[in-house]
Amino acid sequence: MRPRKRFGQHFLHDPGVLKRLVEAIAPVDSDIFVEIGPGEGALTRPLLERIGRLTAIEIDRDLAAKLAHEFSSQRLTVVSADVLDFDFSALPSGLRVVGNLPYNISTPILFHLARHASRVRDMHFMLQLEVVQRMVARHSTPDYGRLSVMLQTRFKMHKLFNVAPGAFRPPPKVDSAVVRLVPLAEKPDWDQAVLEKIVREAFSARRKTLRNALPLPAEDYEVVGIDPTLRPENLSPEDYLRITRRVCAR
Ligand code: SAM
């Protein structure tokens, strides 16, 4: 089947990369796995050699039907749907989520999953290298932004290894990397929707001072001990949580 550009289809075919990816995931038979975008099954197959069953969410109906045909329904549940519409809260807790994600919508997928972090044990994703760099960036560096804050407030993240374009068919125009996300132990004591709004507003004007980008009452900045003449990129994820808690308490 010809890869479909609109679904960001770049199929992994390098056995060495697949082996490293499966080793990084370290599947154990009792684990509850969900794969996003199984495509032609490059990762699905070696996972199912190690585990009893897996749920896979694939938007491309033709590929979903092919995979469902290859494995028995006891072993593989193929959900033919857009992962952005998929309700992860319908699945049991302790989920291990994996995928070589479609790069064109990887950021919305990550935001979607951040809202379901409490159900997740860990996640391993192949992503565009530049996106992984933004995910793990520290504050006051050029790559730091909305994605860094929203993920770092919910997950501990490790960039595992880089992957060159030649590992995929067709090769993407960019380098890739594999990243691991593990939810932080603490249960969130803030309103996620308020945090999302504050972070979106702050980074929509990242060159402005905080006072102008996020015009809160001066008293709020005093109470949380943050200098409003700083730029949004100078605040750590914990600083954004302090602002969110203050706004919610007010
Ligand atoms: N896992 C396969 C591999 O490694 O060869 C395929 C990876 S390919 C980069 C991304 C896969 O995600 C494709 O199979 C594509 O059809 C699927 N996909 C794209 N958008 C999706 C969406 N919104 N929901 C679910 N799957 C999607």
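Residues numbered from 1 in each chain as written. Predicted model: local features only at pLDDT ≥ 70, side-chain atom pairs only at ≥ 80, totals over all residues. Heavy atoms only, no water.

Okay, the packing of helix α7 (residues 192-203) against helix α10 (residues 237-249) next. The N-to-C vectors of α7 and α10 enclose an angle of 120°; their axes lie 9 Å apart at closest approach. One element, α7, and the other, α10, form an angle in the oblique class. Crossing geometry of α7 relative to α10 is assigned as right-handed. Between α7, through V194, L195, I198, V199, A202 and F203, and α10, the contact on the second element is made entirely by Y240, L241, I243, T244, V247 and C248. Residue classes in the contact of α7 with α10 are distributed as 11 nonpolar, 1 polar and no charged. (Axes fitted to C-alpha atoms, helices over the stretch in contact; angles between N-to-C directions. Helix = DSSP H or I, 4+ residues; strand = E, 2+ residues; numbered from the N terminus. Parallel < 35°, antiparallel > 145°, perpendicular 65-115°, else oblique. Left-handed = near helix turned anticlockwise from the far one by under 90°. Contact = heavy atoms within 4.5 Å. Nonpolar A, V, L, I, M, F, W, Y, C, P; charged D, E, K, R; others polar.)

All right, on to the layout of surface pockets then. Over the atoms rolls a probe the size of a water molecule, and its path tells where empty space is left. The space that makes up the largest pocket amounts to roughly 470 Å³. As for the largest pocket, its lining consists of 33 residues, of which F7, G37, E58, N100 and P102 are closest to the centre. Those elements that provide at least two residues to the lining of the largest pocket are β1 (11-12), β2 (32-36), β3 (54-58) and β8 (168-169). Taken together, 15 residues form the lining of the second largest pocket, with K5, G8, H10, P172 and K173 sitting closest to its centre. Among the residues forming the lining of the second largest pocket, the class breakdown is 7 nonpolar, 5 polar and 3 charged. (1 Å grid on protein atoms, 1.4 Å probe; cavity = no way out; pocket = protein on both sides within 12 Å on 5 of 7 lines; lining within 4 Å. Points joined across faces, edges and corners; volume = space filled by probe spheres on them.)

Relative to the helices and strands, R180 resides in strand β9 (residues 176-183). For R180, a relative accessible area of 24% translates into the label partly exposed. In this structure the C-alpha to C-alpha distance between R180 and V97, which are 83 residues apart in sequence, comes to 10.0 Å. The residues touching R180, leaving out its near neighbours within four places in the chain, are A24, M123, H124, K156, M157, H158 and L160. A polar contact is formed between the side chain of R180 and the backbone oxygen of A24, at a distance of 3.0 Å. (Buried < 20%, exposed > 50% of the residue type's maximum accessible area, 1.4 Å probe, protein only. Polar contact = N/O pair within 3.5 Å; in protein donor to acceptor, adjacent residues only side chain to side chain.)

In spatial order, the strands read β4-β3-β2-β5-β6-β9-β7; together these 7 strands make up an open sheet with mixed pairing. Looking at the sheet topology across the chains shown, the edges are occupied by β4 (76-80) and β7 (155-163). Neighbour-to-neighbour, the strand axes of the sheet open up by a mean angle of 20°, direction not taken into account. In this sheet, β4 lies alongside β3 in parallel orientation, the contact comprising 5 bridges. If you follow T55 over to β4, its bridge partner there is T77. With respect to the sheet, helix α1 (residues 15-25) is in contact with β2, β5 (95-100), β6 (120-128), β7 and β9, its orientation differing from that of β7 by roughly 160°. Sitting on the sheet, helix α4 (residues 106-114) is in contact with β2, β6 and β7, with an inclination near 170° to β6. (Pairing = 2+ DSSP bridges.)

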